[in-house]
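What follows is each chain in one-letter form.
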Amino acid sequence: MKYIDIISKMTLEEKASLCSGLNFWETKPIDRLGVPSIMMNDGPHGLRKVGTGPEDAARTSVPATCFPPAVLTACSFDRDLLREMGEAIGLEADIEDVRIVLGPGVNIKRSPLCGRNFEYFSEDPYLAGEMAANFIEGVQSKGIGTSLKHYAANNQETRRWSSDSIIDERTLREIYLPAFKKAVESAKPTTVMCAYNRVNGEYASENHRLLTEILRDEWGFDGVVVSDWGAVNDRVKGLKAGLELEMPGTAIPSNDDYIVAAVKSGELDEAILDEAVERLLRLIVRVGREDQCCGKHRCGEIRKEVLAAERKASFDKDKHHALGRKIASESMVLLKNKDNILPLDKEAKVAFIGEFAEKPRYQGSGSSQVNPTMMTTALDASKEYPNITYCKGYDIEKCDDVNEVLQAGAIEVAKTSDVCVLFIGLPTSYESEGYDRTHMRLPEGQNKLVKAITDVNSNVVVVLLNGSPVEMPWVNEVSAILEAYLGGQAGGGAVVDILYGIANPCGKLAETMPIKLSDNPSYLYYFGERDMAEYREGIFVGYRYYDTKDMKVLFPFGHGLSYTTFEYSNLQIDKTSMNDTDKLMVTADITNTGKVAGKEIVQLYVGLKNDNTAPEREDRIVLAEKELRDFVKIPLEPGETTRVVFVLDKSAFAYYSTEINDWHVLDGTYEIKLGRSSRDIAVTAEVKVTPTVEIPFKATANTTVRDIRRMKNGAAFLEEIAKTAPAFEGLTANPEPGTFEYMHMRAIPEIVFRQLRLMGAMQGKSLEDLQKMIDEKLN
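Residues numbered from 1 in each chain as written. Predicted model: local features only at pLDDT ≥ 70, side-chain atom pairs only at ≥ 80, totals over all residues. Heavy atoms only, no water.

S.K.: Describe the pattern of salt bridges, naming the residues involved and giving the relevant values.
M.R.: Counting across every chain of the model gives 62 salt bridges. The shortest N-O distance in the salt bridge between R209 and E169 comes to 2.4 Å. Note that R209 is positioned in helix α8 (residues 208-218) and E169 in helix α6 (residues 169-176), a separation of 40 residues in sequence. R209 sits in the partly exposed class, given a relative accessible area of 32%. Look at the salt bridges and you will find they share partners, linking D42, R48, R116, E119, K149, E157, R160 and E433 into a network. (Salt bridge = Lys/Arg side-chain N within 4 Å of Asp/Glu carboxyl O. Helix = DSSP H or I, 4+ residues; strand = E, 2+ residues; numbered from the N terminus. Buried < 20%, exposed > 50% of the residue type's maximum accessible area, 1.4 Å probe, protein only.)

S.K.: Tell me about unusual backbone geometry, and name the residues and values.
M.R.: The omega torsion across D42 and G43 is 20 degrees, close enough to zero to call that bond cis. Structurally, the position occupied by G43 is in the loop between β1 (40-41) and β2 (63-64). For the peptide bond that leads from L342 to P343, omega is 0 degrees, which places it in the cis range. Unlike most non-glycine residues, R530 shows phi in positive territory, near 55 degrees. Tracing the backbone through its elements, the reader meets R530 in the loop between α17 (491-499) and β17 (532-534).

S.K.: I'd like a description of the sheet that holds strand β18 (residues 566-573), backed by residues and values.
M.R.: The sheet built from 3 strands is open, its strands ordered β18-β20-β23 with antiparallel pairing. Two strands in the sheet have a free side with no partner beyond their single neighbour: β18 and β23 (641-648). The mean inter-strand angle of the sheet, taken between neighbouring strand axes irrespective of direction, is 20 degrees. Judged from the 6 bridges that link them, β18 and strand β20 (residues 584-592) form a sheet pairing that is antiparallel. (Pairing = 2+ DSSP bridges. Axes fitted to C-alpha atoms, helices over the stretch in contact; angles between N-to-C directions.)

S.K.: Got a sec to walk through the sheet that holds strand β11 (residues 350-353)? Specific residues and values, please.
M.R.: One open sheet accounts for 6 strands, arranged β10-β16-β15-β14-β11-β13; its pairing is mixed. Both edges of this open sheet fall to β10 (333-337) and β13 (388-391), since each of them pairs with a single strand only. Within this sheet the neighbouring strands show an average axis-to-axis angle of 15 degrees, counted without direction. As judged from the 4 bridges shared by β11 and β13, these two strands associate in the parallel manner. Counted as the bridge partner of F352 is Y390 from β13. The strands that helix α16 (residues 444-454) touches are β11, β14 (419-425) and β15 (460-465); relative to β14, the one it contacts most, it runs at about 170 degrees. (Contact = heavy atoms within 4.5 Å.)

In short, geometric facts, not functional conclusions.
Given below as structure tokens:
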């Protein structure tokens, strides 16, 4: 397709028309030029195809496989699994002629309260980016586009249409942008969806720095930026900033008219509009059914080789359901297993208690809701085990209060059971897109039910169904806890598979579970003041905060138990010192020391070694104690050993320096840590890393003695000045601690250069004279 030829034949009005939707889900066609309309639909864990009008938004969508949402799939730490899930969703979208799947969401879990956390992967940007990139590659391998969302800093639902995320540059670069960056650079999503909120005072939909300078110029994004539904504020400003497509196209008067008027008045250069139209045409070809391609993305080649063979009137529903069950079982996290109560003995008398066993919560609420093709509840899956008794225990719709009749029935069953499995969690109304939670508590009726059952039976297993962390006041009273999160349509089967050992749990937490809400680093600032949401905790999100502060948590990031055990040994690094431009190879042996096959997620963390002299470091930067830099999931048979290999580059050691507006590595010794979680580090090695780039520094009369000393020739310069100061006479370089002389010497590095005159140095020198001395000797 020759885009320039088509654009040259378009009227101004036709060009503008391509920049907004035809309806809720489709782009506008230009029939006379052969430009087709394409459809896009939610969602991140399954297709939600509904009618095309606003009145259809709440209607039941076509049946599709409801896979587990991101809150659970992230716990798989399995790149291949996310790609396989993406492939399945891409196939279902192709069958329904949906050309763009609106997902994945990679916003960081800043607080457990975010109502949409179930749709996001992690509190850690590296993990979120890896999961998203592989999901995108899976979907797009079927010739279907994706929409990476919500760009950027969309971390709360409260005032989501008007809130202003106030974030310092370093935090933005280290926490809130890396997952987007990874997905864009590695997986090349066809579209990126801008968020509703403002970022540092400007709406994301018209933020030139985000949409063009960072997304396109820095990361090389060559797709289309689409608005979140209704996110456009100023259409002309948005187009200038880099927002090509407004969705949906229902505004009256149409924003297309503003574009036309702006071009005619000279406010908008038509070349900007032409560029947006060209990108939209490329998108239409890239995800369309025609075997046409721009030659850049292998679109046509993919369609010829793959889609022609796979496109059918329908997909294999049973096969995709089984895949959903596999994904769920590979992702659920065994938090606790006292005395190895799990897996359950198939001959044991077991009570399934809780209405969630019969009517599970298996996905989140809002735009991502999928109409499942079928359902497997835990009660359905338990039918092959004859010794299970079910009782309701509580009413899902009224579980804030105790239902005395239902609870009494559960207690009686519990008294005569060998093991009680309680299915509890958050009802639909507790968390949803559109609003945030106000607390982390489970319904009080459920907490009281757990207490009542543990009073009569000591063998209690809790299965949690929730989209975000919850407080667990009964954590020490139960024997086992399985975090099932939201398991999708086959999640009930996965739960039973794990309970009975058909599947060995191998998920790890993608978020920290704090003991209580007030422990969270964003607790004081999360909702903000009116429209201003200040990210005052900075880079200290999730485990970066809890681990650096050495704070007790309920369960740490990366935690997850197995029915077997794993030993880490023989950690080796291929060098003990390196420049930041070098690469470091890390290897270690992992052995299954248990009696059953299992999978281990080996997590690699990196942190600057704490030598207890942080205040003395001349280049001190506030850093997290450690950060996840890689991971791998490996299957092991009993007694089997596998060697894992990681390769680290500069990014593993770097922080974002706002002084040079780039990534920088501090000179120092770094610890390479392999562990089972962020708190369970098994083996550690050390490497000395030397930066190859210096941070430019220019001294003034108000620069501290400490900072002048670290400059080239700074120590000699200060020594010469000290010789002329009476206050320095008789002082030794290393006085005894506790003496006045010691305190005097300790205080000197903290004074600014001009204050040396108070010690008798440089008498008669003005500030201008001092600056001239500094410039001549140092700057």
